[in-house]
Amino acid sequence: MNPSDAGRRCFVAALGALSAAGALPAGAKSRGRGRAATRVPLSSPLSQLQPSYDVIVVGSGYGGAVMAARLAPGRRLAVLERGREWLPADFPGTLVDALGQFRGPLAPFGLFDYRMGDAIDVLAGSGLGGTSLVNANVVVPADRDVFDTWPAAIRQDVASGALDAWEARARQMLAADVVGDAEALRKHWLHRSTTLARARQGVAASFTPLPIAVNLHRYDQQPNAQGVVQALCSHCGDCVTGCRVGAKNTLDVNYLPLARAAGAELYTRIEVDWLERLADGRWRVHIITRPDGVTAVRGEVIAGSVVLGAGSLGSTQILLRSRANGLALSPALGTRFSANGDLLGFGYNTSVQANGAGFGTNPPLPGEKRVGPTITAMADYRANRPLAQRFLIEDGAVPHALVDAARLAMPLASGPFADFLANERLTKDLLAMRSDGALNHSMVYLGIGHDSAGGRVQLDVSGNAQVVWPGVAQEPFVARLRAEMDAHARAFAGRYVDYPRSSPIFGGALTTVHPLGGCPMADRVEDGVVNADGQVYDARANGSTPFANLRVVDGAIAPGSIGVNPLLTIAALAERAAARFHA
Amino acid sequence: MKRVLACLLAALFVGLASAAQARGLAFSESMGGVAFEDGEYRNASVSLRVTIADIDAWSRNLNVPATITGTLAMDRLPVQPITGTLVILAPGPGDDGRLLTYRFSSASLQFTGIKHVEDEAGTEVFDDMTTLHGVFQPKGATPPTVDDLLYDAAWTSELHFAWWDAAVVWNFVASFTTIATPWYQVLEVEAIFVQTMFGALAQTLFPWLV
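A brief structural summary. (Residues numbered from 1 in each chain as written. Chains lettered and ligands numbered in written order. Predicted model: local features only at pLDDT ≥ 70, side-chain atom pairs only at ≥ 80, totals over all residues. Heavy atoms only, no water.)

Residue and element names in this part refer to chain A. Where burial is concerned, most of strand β17 (residues 443–448) is hidden: six out of the six residues are buried. Of the two faces of β17, the one holding Met443, Tyr445 and Gly447 and the one holding Val444, Leu446 and Ile448 are both buried throughout. The pairing of strand β14 (residues 343–348) with β17 spans five bridges and is classified as antiparallel. Looking at β17, one finds that leucine 343 is bridged to glycine 447. Bridging between strand β16 (residues 391–396) and β17 involves five bridges; their strand directions are antiparallel. By the bridge assignment for β17, leucine 392 is matched with isoleucine 448. (Buried < 20%, exposed > 50% of the residue type's maximum accessible area, 1.4 Å probe, protein only. Helix = DSSP H or I, 4+ residues; strand = E, 2+ residues; numbered from the N terminus. Pairing = 2+ DSSP bridges.)

The next thing to look at is the state of the cysteines. Residues and elements named next belong to chain A. For the structure shown, the criterion picks out zero disulfides over all chains. A disulfide-free cysteine, cysteine 236 has its sulfur positioned 6.2 Å from the sulfur of cysteine 243, the nearest such atom. Between cysteine 239, a cysteine without a disulfide, and cysteine 233, which holds the nearest cysteine sulfur, the sulfur-to-sulfur distance is 6.2 Å. (Disulfide = S-S within 2.5 Å.)

Moving on: the interface of chain A and chain B. With 21 residues of chain A at the interface, the matching set in chain B holds 19 residues. Carbon and sulfur atoms make up 53% of the area that chain A and chain B hide from each other, which totals about 1,800 Å². Area buried by chain A at its contact with chain B is led by Arg186, Trp189 and Phe420 of chain A, which between them contribute 26% of it. For the pair chain A and chain B, the interface holds two salt bridges. Aspartate 127 of chain B is the partner of lysine 428 of chain A in a salt bridge, and the nearest nitrogen-oxygen pair spans 2.6 Å. The interface formed by chain A and chain B holds six residue pairs in polar contact (both at pLDDT 80 or more) in total. By residue number, the principal contributor to the side of chain A that touches chain B is helix α6 (residues 186–200) of chain A, which donates seven residues. (Contact = heavy atoms within 4.5 Å. Buried area = accessible area lost by both parts, 1.4 Å probe. Salt bridge = Lys/Arg side-chain N within 4 Å of Asp/Glu carboxyl O. Polar contact = N/O pair within 3.5 Å; in protein donor to acceptor, adjacent residues only side chain to side chain.)

Attention now moves to empty space enclosed by the protein. Residues and elements named next belong to chain A. By volume, the largest cavity amounts to about 680 Å³. At the level of elements, β3 (112–115), β4 (120–125), β11 (270–277), α8 (311–324) and α12 (567–579) are the ones that each hand at least two residues to the lining of the largest cavity. Broken down by element, the residue count for the lining of the largest cavity peaks at six residues, all from α8. Grouping the amino acids of the lining of the largest cavity by side-chain chemistry returns 21 nonpolar, 18 polar and seven charged. (1 Å grid on protein atoms, 1.4 Å probe; cavity = no way out; pocket = protein on both sides within 12 Å on 5 of 7 lines; lining within 4 Å. Points joined across faces, edges and corners; volume = space filled by probe spheres on them. Nonpolar A, V, L, I, M, F, W, Y, C, P; charged D, E, K, R; others polar.)

What follows deals with the sheet that holds strand β6 (residues 206–209) of chain A. All names here are of chain A. Read from one edge of the open sheet, six strands run β6-β15-β16-β17-β14-β20, paired in antiparallel fashion. Lying at the two open borders of the sheet, with one neighbouring strand each, are β6 and β20 (495–498). Within the sheet, the average angular offset between the axes of one strand and its neighbour, ignoring direction, is 30°. (Axes fitted to C-alpha atoms, helices over the stretch in contact; angles between N-to-C directions.)

And the structure:
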């Protein structure tokens, strides 16, 4: 790839990722709204990193953070996070700031990890707190029959209700809340209206407000249950570029402070390269630090036990590199990659001013005031359908950093309308950003369904994980979601517009914000990389015997699509794995 | 003879004076768009007959309301007769442009809304004069204030007069009729209406001119 190709790919990746972030999916009067909460950093300086630990947790997302919090008491435990620690005021607020936060050789600590593929791109967060920093924090359980193809022990926990208890534990820590009508969020109302319209047309769809891990009503510049000061949600619509007021219940305000209070050491800007098994059964963790911010310096830390929680691509990448260095692992490594049936789209230029254009920490536009948390509700198409045909459509918002780009680009994607008012709104957007333009009369949709988990994670020539999945765009979930998003858009004279990266002009690839699989769990080493507790199978051992002290606990272990936003499932599986940790 | 003439003049004076006090103007306006009612957005339209019963009083004080009668049509609801008031082009709070403030109700619903004409560039005046932002509520609920609608984005419904549609504009223009106005004052009444409207608009849009 020549430099100009690289530049173009980076630019397209940046635009694509920001658009995807927009799908990841109010001026109140109380004292805290809109004012950033002050925080005390959690991470320790690199100089304090010890040569060895009882447990090393790699990554600080929904798997790693939970494991760190639960395993820290009584153990010398360190969390190694590749990204940096983010305080609320540090998150990007403009397009230029956001474009500078894409991870790459020149920005190794960037907030957005966007990996382009030929058929599918993957967006994840990078930083202390992982993807919780840039997701929409939807806390919703998976359908129970999703687990029918999972290992027997998981199925047993589902049947006994034990999984419910793990989920309840995670839900309590994440302090989920629900947007109500008092928030007066127009995109929430529009989503309800179009969903009910579909139901009246005979489609089996229902509207459900979603629990989200956002401080909507609880703490007004007050310490939360873990002692971290939080501000109330300002309804700015910028959840997915990082909450600049500190209202999101990201992992750095709940599980990670709990871990630190229990003695865990949290280190940022340390990337784990690969793992080496020592003769005594411990692990040599090969790490890369960048003391000057760019130049890689190699090092190592010894761990009695390793927990990989670096995300679907991150954990799979570490194991693929480890296998390349001699570690015997399951042939299933890299398989069962799922996009969780994600599809991003727009219901563009409807007749309803939905107020979906985020304003961040800027004053809201006249006539706008409240945008809302990025995701607030779902149109639920799960009832009375076979598992593979179930799906959700969630509302979203365009983060402020992307608003100007979107208002100028979307008219090109949509083309002109027949209706005078619709064209007038297009013109308004082309002339200036205002609340009554086409973009603010639009809905961002995040569809989540079920796919075949037919993707494969492999290392590219640079040794970085990439997803290969020819034909993913032809999977049935894509057409199903597109058709239904189109029906929602048309309910109020709007037009369905594909997410730009899906356009042939930009390569025609899908984008997932919920990467799953790569280290699938199974009852046998032939079928999976880990067992039901997340322990990695030792391919040299007889039968399906795992390494007792090497685990993967994150979205990588899901053997298929989950069909809802997966954070609660991942956190609950981590709670379960932590309770069963005996090494 | 002088007495007869005096009586006739007196009668004419009284007649003219009473006619002048009562003379008025009425016109029709139809608007369509989206209403938020009972938790859902719905396509909606209103057909209004606006009556300025005393155009002289209104021209002296724009806060004198006109009366409204008409019908409200909304998806999944029967067409409902409505009555109410319209304050035409009174100054906005803090002299922030001009407002057309609509308040009307049916048997079960009430509406409060404004068109806000402000000093902006280009053809915005057409939008301002024809875009009604307001709130439909169950009858008897506490209505939003003008400040709520203007500054707190509290409006939830948006109706438009289709100024780009020639048939709609023609129907609007052709709907003007005078009330209790002698034939020889019809033009004067219409002129007062036009002069007052454009005078108020000019004060907002071209303050340097007036």
